[in-house]
Amino acid sequence: MSADSQSPAPRFSPSHANRQFWDSDARDYHAAHEEYLSSFYWCPEMLHEEQAQLLGDVSTSTVLELGCGSAPCTAWLQGRARFATGFDISRGMLTHAPGGLPLVQADVLALPYSNDSFDVVFSAFGALPFIANIDQALAEVHRVLKPGGRFVFSTNHPMRWIFPDDPANLTAELPYFDRAYIESDAEGNLTYAEFHRTVGDWLRALQTRGGFLIEDILEPVWPEDLDLTWGQWSRERGEIFPGTIIFVCVRQ
């Protein structure tokens, strides 16, 4: 790195990098995943909240969605929950949301909500895979969730990390114990960051340090009638190993 004081220091913040990435990718992302983004699906296996009921009865609950993107889940909850809102770090993603939803632009590492504000906090592949400091993110979730409140989130299944980002590749090629994938530009500025947690990492982050009790862990099976390929998710892979893990937790 150059010591030239005239040159700006490289930006290595994952939040900054991923905000820029999702702002630029929002249009292509929505064009490629129109069916998945049409309602409250937990994962590319197309598990719908109406069937799964992972949030429970939210008719009297205040609900927050982490990393809502264009907020199809928050939109589905309108009229079903007493109050449902969401946030995302990307302004570009939020511009694709339906009008009239109570959404804000924010970072999960510094949530703009008061303590004990929500009965339920959830995320469908939002925010958490892109956070280096998972303890800080979970501390913020714990802070805004009421005691005894429900925290449910879906993310990449830990074993999926060992397979390349190719829906037809069934060969394990990448180390399970690597914890991050990053991309940088020619100046060394971070342009994309994604983080991996093993099963043990999640257990310790949630239950040992985070103050959550894990009530259930789901690994959705690939549906017999689903032929949709979604990024690295496909029938070819999904019939052999899980692509998604869902944690159902309660704030202690």
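None of these values were measured; they are calculated from a predicted model. Here the residue index of a chain counts from 1 through its sequence in written order. Restriction of local features to residues with pLDDT of at least 70 applies here, the model being predicted, together with a cutoff of 80 or more for giving and counting side-chain atom pairs; totals for whole chains, interfaces and linings are based on all residues. By convention in this description, side-chain values take in all heavy atoms of the structure and omit both hydrogens and water.

1. Structural notes on the overall build of the chain
What the chain contains, in helices and strands, is seven helices and nine strands. The reference for a compact globule is 2.2 Å times residues^0.38; the radius of gyration itself is calculated from the C-alpha atoms. Here the C-alpha atoms of the chain give a radius of gyration of 18 Å, agreeing with the 18 Å that 2.2 N^0.38 yields for 252 residues. Viewed in the frame of its principal axes, the chain has a C-alpha envelope of about 60 × 45 × 40 Å. Within the span of the chain, comprising 252 residues, buried residues form 52% of the whole. Contacts are assigned to residue pairs that have any heavy atoms within 4.5 Å of one another. Considering only contacts within the chain whose residues lie at least 6 apart along the sequence, 66% involve residues at least 24 apart. Where accessible areas are quoted, they stem from the Shrake-Rupley method and a 1.4 Å probe; at the residue level, only the protein chains shown are allowed to cover. With the model as given, the accessible surface of the chain reaches about 11,900 Å², and the carbon-plus-sulfur share is 51%. The positive charge centre, built from 17 side chains, and the negative charge centre, built from 34, are 8 Å apart in the chain. Secondary structure elements follow DSSP: runs of H or I no shorter than four residues count as helices, runs of E no shorter than two count as strands, and numbering proceeds from the N terminus. Relative accessibility decides the category of a residue: with a 1.4 Å probe and only protein chains considered, values under 20% of the type maximum give buried, values over 50% give exposed, and everything between is partly exposed. His residues and chain termini do not enter the charge count, which takes Lys and Arg as positive and Asp and Glu as negative. Lys charges are placed at NZ, Arg charges at CZ, Asp charges at CG and Glu charges at CD.

2. Here we look at a negative patch on the surface
Taken together, the side chains of Asp165, Asp166, Glu173 and Glu236 define an acidic patch exposed on the protein surface. Tracing the sequence through the fold places Asp165 in the loop between strand E5 (145-156) and strand E6 (180-184). Patch rule: a residue counts if its relative accessible area is over 30% and it has no salt bridge; like charges are joined within 9 Å, and nonpolar side chains (Val, Leu, Ile, Met, Phe, Trp, Tyr) within 5 Å. For this document, the term salt bridge refers to a Lys or Arg side-chain nitrogen within 4 Å of an Asp or Glu carboxyl oxygen.

3. What to know about the pattern of salt bridges
Note that side chains of opposite charge can pair when their charged atoms are close. Summed over all chains, the structure comprises nine salt bridges. Asp201 serves as the salt-bridge partner of Arg179, at 2.7 Å between the closest nitrogen and oxygen. In this pair, Arg179 sits in the loop between E5 and E6 while Asp201 sits in helix H6 (residues 199-209), placing the two residues 22 residues apart along the sequence. For Arg179, a relative accessible area of 36% puts it in the partly exposed group. For Asp201, a relative accessible area of 16% puts it in the buried group. Residue Asp227 pairs with Arg235 through a salt bridge whose shortest N-O separation is 2.9 Å. The network of salt bridges with common partners includes Arg179, Asp201 and Arg204.

4. Quick notes on empty space enclosed by the protein
A cavity here means a set of 1 Å grid points, computed over protein atoms only, where a 1.4 Å probe fits but cannot escape. A pocket is an open set with protein on both sides within 12 Å along at least 5 of 7 lines, and lining residues have an atom within 4 Å of a point. Grid points are joined across faces, edges and corners, and a volume is the space filled by probe spheres set on the points. The full count for this structure, using the stated rule, is one cavity of 30 Å³ or more. Here the largest cavity is characterised by a volume of approximately 110 Å³. Forming the boundary of the largest cavity are Pro129, Thr155, Asn156, His157, Pro158, Trp161, Glu194, Phe195, His196, Arg197 and Trp202. For the lining of the largest cavity, the elements supplying multiple residues, two or more each, are E5 and strand E7 (190-195). Under this grouping Gly is polar, as are all residues other than the nonpolar Ala, Val, Leu, Ile, Met, Phe, Trp, Tyr, Cys and Pro and the charged Asp, Glu, Lys and Arg. When the residues that make up the lining of the largest cavity are grouped by side-chain class, the tally is five nonpolar, four polar and two charged.

5. With respect to unusual backbone geometry
Backbone geometry places Ala71, a non-glycine residue, at a positive phi of 65°. Tracing the sequence through the fold places Ala71 in the loop between strand E1 (62-65) and helix H3 (72-77). For Ala71, a relative accessible area of 0% translates into the label buried. Even without glycine at this site, Ala127 takes up a positive phi of about 70°.

6. Remarks on the sheet that holds strand E3 (residues 103-105)
Paired strands, as defined in this entry, are two strands with at least two bridges between them according to DSSP. Ordered in space as E3-E2-E1-E4-E5-E9-E8, the seven strands form an open sheet in which the pairing is mixed. Each edge of the sheet is formed by a strand with only one pairing partner; in this case those strands are E3 and strand E8 (212-218). Each adjacent strand pair in this sheet contributes to an overall mean axis angle of 20°, direction not counted. Examined bridge by bridge, E8 and strand E9 (residues 244-251) share six bridges and lie antiparallel to one another. Each residue of the ladder has a partner; that of Ile217, found in E9, is Phe247. Strands E1, strand E4 (118-124), E5, E8 and E9 of the sheet are contacted by helix H5 (residues 134-144), whose axis makes an angle of about 140° with E5. The axes used here are C-alpha line fits, helices contributing only the stretch in contact, and every angle between their N-to-C directions lies in the interval 0 to 180 degrees.

7. Notes on the nonpolar core
To qualify as a nonpolar core, a set must consist of buried Ala, Val, Leu, Ile, Met, Phe, Trp, Tyr and Cys residues joined through side-chain atoms within 4.5 Å. The biggest cluster of nonpolar side chains holds 33 residues, and the ones touching the most others in it are Tyr36, Phe40, Trp42, Leu55, Val63, Leu77 and Phe122. Listing elements by their share of this core, those giving two or more residues are helix H1 (14-32), H3, E4 and E9. With residues near it in sequence (within four places) discarded, Leu77 still touches Phe40, Leu55, Val58, Val63, Ala84 and Phe122. The next biggest cluster of nonpolar side chains, apart from the first, holds 28 residues, and it includes Ala127, Ile131, Leu145 and Phe153.

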